Amino acid sequence: MTQDDGYLLDNQQTEAAERFDAFTALFDPTTFRHLAGLGVGPGWRCWEVGAGGTSVVSWLAEKVGPTGKVVATDIDTSQLAEAARPPVEVRVHDVGAQEPPGEDFDLVHARLVLVHVPDRERALRSMIKALRPGGRLLVEDADPALQPLLCPEEYGPEQQLANRLRHGFRELLADRGADLAYGRKLPRLLREAGLRQVEADAYFPVASPACTALESATVRQIRDRLVTAGLATDEDIDRHLANVAAGSMDLATAPMISAWGRKA
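Participant: It is not clear to me how the side chain of Arg223 should be interpreted in this structure. Could you clarify?
Facilitator: As for its position among the elements, Arg223 is in helix H6 (residues 209-228). A relative accessible area of 19% means that Arg223 is categorised as buried. The residues touching Arg223, leaving out its near neighbours within four places in the chain, are Asp234, Ile237, Asp238 and Leu241.

Participant: When you look at the sheet that holds strand S6 (residues 196-203) in this model, what are you seeing that I'm missing?
Facilitator: Think of a sheet as strands paired side by side through backbone hydrogen bonds, with each pair either parallel or antiparallel. Across the sheet, which stays open at both edges, the seven strands sit in the order S3-S2-S1-S4-S5-S7-S6 with mixed pairing between neighbours. The sheet terminates laterally at strand S3 (88-92) and S6, the two strands that pair on one side only. The sheet shows a mean angle of 15 degrees between the axes of neighbouring strands, direction not considered. Pairing between S6 and strand S7 (residues 256-262): six bridges, direction antiparallel. Paired with Ala202 across the two strands is Ile257, which belongs to S7. Strands in contact with helix H1 (residues 14-37) are strand S4 (105-111), strand S5 (131-142), S6 and S7; relative to S4, the strand with the most contacts, it is inclined by about 150 degrees. Along the sheet face, helix H3 (residues 120-129) touches strand S1 (45-49), S4 and S5 and points at about 145 degrees away from the line of S5.

Participant: Looking at this model, I keep getting lost on the nonpolar core. Mind explaining?
Facilitator: Nonpolar side chains in soluble globular proteins generally cluster together in the buried interior. Core analysis: the largest hydrophobic core is formed by 25 residues, its most contacted members being Trp47, Val108, Leu114, Leu124, Met127 and Leu137. Those elements that provide at least two residues to this core are S1, S4, H3, S5 and helix H5 (186-192). Phe32, Cys46, Ala83 and Trp260 belong to the second largest nonpolar core, which has 21 residues in total.

Participant: Hey, could you run me through the packing of aromatic side chains in this one?
Facilitator: Here a ring pair, both rings aromatic, is described through the centre-centre distance and the interplanar angle of the planes. Tallied over the full model, the rule gives four aromatic pairs. Between Phe27 and Tyr203 the ring centres are 6.1 Å apart and the planes differ by 90 degrees, which places this aromatic pair in the edge-to-face class. Placement of the pair is Phe27 in helix H1 and Tyr203 in strand S6, with a sequence separation of 176 residues. Taken together, a centroid distance of 6.0 Å and an interplanar angle of 35 degrees make the contact between Trp47 and Phe105 tilted. Note that Trp47 is positioned in strand S1 and Phe105 in strand S4, a separation of 58 residues in sequence. This pair shows no difference in class: Trp47 is buried, exactly as Phe105 is. Members of the aromatic cluster, each reached through a chain of ring pairs, are Phe23, Phe27 and Tyr203. The ring of Phe105 is capped by Arg45, whose NZ or CZ atom sits 4.8 Å from the centre of that ring. The ring of Tyr182 has Arg120 sitting right over it, with the charged end atom 5.6 Å from the ring centre.

Participant: What's the story with the packing of H1 against helix H2 (residues 55-64) in this structure? I'm lost.
Facilitator: Axes are the key here: two packed helices are described by the angle between their axes and the distance separating the axes. Taken N-terminus to C-terminus, the directions of H1 and H2 make an angle of 30 degrees; their axes are 10 Å apart at the nearest point. Regarding the angle of H1 to H2, the classification is roughly parallel. Note that H1 runs across H2; the crossing there is right-handed. On the side of H1, the interface is formed by Thr24, Asp28, Thr31, Phe32, Leu35 and Ala36, while H2 contributes Ser55, Val56, Trp59 and Leu60. Here the contact of H1 with H2 is composed, by residue class, of six nonpolar, three polar and one charged.

Conventions used here
- Residues numbered from 1 in each chain as written.
- Predicted model: local features only at pLDDT ≥ 70, side-chain atom pairs only at ≥ 80, totals over all residues.
- Heavy atoms only, no water.
- Helix = DSSP H or I, 4+ residues; strand = E, 2+ residues; numbered from the N terminus.
- Buried < 20%, exposed > 50% of the residue type's maximum accessible area, 1.4 Å probe, protein only.
- Contact = heavy atoms within 4.5 Å.
- Pairing = 2+ DSSP bridges.
- Axes fitted to C-alpha atoms, helices over the stretch in contact; angles between N-to-C directions.
- Core = buried A, V, L, I, M, F, W, Y, C linked by side-chain atoms within 4.5 Å.
- Phe/Tyr/Trp six-rings, centres within 6.5 Å; stacked < 30°, edge-to-face > 60°.
- Lys NZ or Arg CZ within 6 Å of the ring centre and 35° of its normal.
- Parallel < 35°, antiparallel > 145°, perpendicular 65-115°, else oblique.
- Left-handed = near helix turned anticlockwise from the far one by under 90°.
- Nonpolar A, V, L, I, M, F, W, Y, C, P; charged D, E, K, R; others polar.

This is a description of form; function is not addressed.
Here it is as structure tokens:
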């Protein structure tokens, strides 16, 4: 994606660090399970696409050790400074517009990235191009259209308001080019790109403290956008944030679909 005023979830906003912490709590166990299953180990060369925060980068760095390398890229690397030491190399990079930051990688991984990239077809081609023969690709992305509700059980006015604001968030994402049904396409796209041994699964958190923290940070981050677009009022948002803080609602996230395969 291009970093401009149209990007909804800027890494430099105050709430970005809170969102990354929530993603770490929600999704790292699933991501680490898949990465371990792919055999990541000493000496591997890895490209972490759209790294955002440091948790996955740090995990990879520990696994590959001093003989390996982790190239961590993002359009905004402001959250990656603490990870920028060997074997980690941090680069500003737009996966949807630039050539890969190297080649012959043993692993390329992206989590919750391509759904937001306008030219996601080019981005996926670039990621596969960067792999060595036999290298592994792991792409993990959301599918908000598969489960569009913040509160799957909509039984009262608090849940109705929450789901209305979640609909507004999805509308803002779609207006900026996000593919809200991208996650389900990943197995097919990897097969069509020539990868072998393609598999996929999904993780769907329904209620957890991290879901609550993620919702609070996200709504505060996009508050002005929601109001400007006429999708909510300040009063709506204040009431919703108070409901979230009260901890009486079961808040879900969109399913994260993980798909992986091997380059021929």
